[in-house]
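Here is how the chains run, residue by residue.
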Amino acid sequence: MTLDPSLRDDILATVPSLRAFAMSLTGHPDRADDLVQDTLVRAVSNIHRFEAGTNLNAWLFTILRNLFHSEYRKKRREIEDADGSYAARLSAPPEQEARLDFEDFRKALEHIPIDQREALLLVGAEGLSYEEAADVCGVALGTIKSRVNRARIRLAQVLAVEQGEEFAPDPTIRAALQDTFKA
């Protein structure tokens, strides 16, 4: 697509006015020049949308203004981090261990009798009270408590867990998390 020479001249004639407007919006010469350049690129690539006989200046100023406001909204959500200090403080604990632990837990559940597994999942995973779990299973309260206790003991045996601390993050992850919260 070629640009009509008279239209091109009209567009180029507005550049000083566009730059002055961009300077008033941005307050920085370099940013103003970039904004004018983006405006001209957008205008030329969308010249088919310009209606001949309408105000070219108004159309170009509208493009510039819209680009400025779009960029302003985008920058409001961004965080200035030129030296990378903010990004350096961001961290996430590794997920591999948790996935492996969950897979081990899922396999260990298969080694627990179904009635005990059901009771443990209702109380431990679903968060039901012992009374609610007993109602769901249609058994006495003492039966549910006994099943949950036996399921926990069996689960600890299958997973070779000797104390509750083994369910916490390992020492390396705990140390990393402590360093993260000190910063």
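All values derive from a computational prediction rather than experimental measurement.

## Overview of the pattern of salt bridges
Taken as a whole and judged by the stated rule, the model has six salt bridges. Between Arg-31 and Glu-71 there is a salt bridge; the shortest N-O distance is 2.5 Å. Of this pair, Arg-31 sits in helix H3 (residues 29-45) while Glu-71 sits in helix H4 (residues 56-76), and the two are 40 residues apart along the sequence. According to the relative accessible area criterion, Glu-71 is partly exposed, its value standing at 23%. A salt bridge links Glu-110 to Arg-106, with the shortest nitrogen-to-oxygen separation between them at 3.3 Å. Classification of Arg-106 as partly exposed rests on a relative accessible area of 36%. When salt bridges that share partners are traced, they join Glu-103, Arg-106 and Glu-110 into one network.

## Some details on the environment of Ala-22
Mapping Ala-22 onto the fold places it in helix H2 (residues 15-26). Remark: the alpha-carbon pair of Ala-22 and Phe-61, spanning 39 residues in sequence, is separated by 9.2 Å. Among residues more than four places away in sequence, those in contact with Ala-22 are Gly-27, Ala-32, Leu-35, Val-36 and Leu-64.

## Here's the deal with the packing of aromatic side chains
In the structure shown here, the tally under the stated rule is three aromatic pairs. Measuring from ring centre to ring centre gives 5.4 Å for Phe-21 and Phe-61, while their planes differ by 55 degrees; the resulting arrangement is tilted. You can see Phe-21 sitting in helix H2 and its partner Phe-61 sitting in helix H4, a full 40 residues away along the chain. The class of Phe-61 is partly exposed, set by a relative accessible area of 24%. Seen from their ring centres, Phe-50 and Trp-59 are 5.2 Å apart, and the 45 degrees between their planes marks the pair as tilted.

## Observations regarding the nonpolar core
The biggest cluster of nonpolar side chains holds 18 residues, and the ones touching the most others in it are Ile-11, Leu-56, Trp-59 and Leu-60. Those elements that provide at least two residues to this core are helix H1 (5-13), H2, H3 and H4. Excluding its chain neighbours within four sequence positions, the residues that come into contact with Trp-59 are Ala-43, Asn-46, Ile-47 and Phe-50. Membership of the second largest hydrophobic core comes to 13 residues, among which are Leu-109, Leu-122, Ala-151 and Leu-155.

## A look at a nonpolar patch on the surface
A surface patch of nonpolar side chains, amounting to about 300 Å² of accessible area, comprises Ile-79, Tyr-86 and Leu-90. Relative to the helices and strands, Ile-79 resides in the loop between H4 and helix H5 (85-89).

## Examining helix H7 (residues 114-125)
Two residues of an α-helix separated by three or four positions point the same way, owing to the 3.6 residues in each turn. Three or more residues of H7 are buried, namely Gln-116, Ala-119, Leu-120, Leu-122 and Val-123. Along the long axis of H7, the arc covered by the buried residues comes to 165 degrees, so they all point the same way. Turned more than 90 degrees away from the buried face of H7 sit Ile-114 and Ala-125, all of them exposed. The elements touched by buried residues of H7 are helix H6 (96-109), helix H8 (130-137) and helix H9 (141-158). Directly beyond the C-terminal end of H7, a positive phi value near 80 degrees is found at Gly-127.

Calculation notes
- Residues numbered from 1 in each chain as written.
- Predicted model: local features only at pLDDT ≥ 70, side-chain atom pairs only at ≥ 80, totals over all residues.
- Heavy atoms only, no water.
- Salt bridge = Lys/Arg side-chain N within 4 Å of Asp/Glu carboxyl O.
- Helix = DSSP H or I, 4+ residues; strand = E, 2+ residues; numbered from the N terminus.
- Buried < 20%, exposed > 50% of the residue type's maximum accessible area, 1.4 Å probe, protein only.
- Contact = heavy atoms within 4.5 Å.
- Phe/Tyr/Trp six-rings, centres within 6.5 Å; stacked < 30°, edge-to-face > 60°.
- Core = buried A, V, L, I, M, F, W, Y, C linked by side-chain atoms within 4.5 Å.
- Patch = residues over 30% accessible without salt bridge, like charges linked within 9 Å, V, L, I, M, F, W, Y side chains within 5 Å.
- Areas by Shrake-Rupley, 256 points an atom, 1.4 Å probe, with all protein chains shown as cover.
- Arc of directions from axis to C-beta.

Just distances and angles here, no functional claims.
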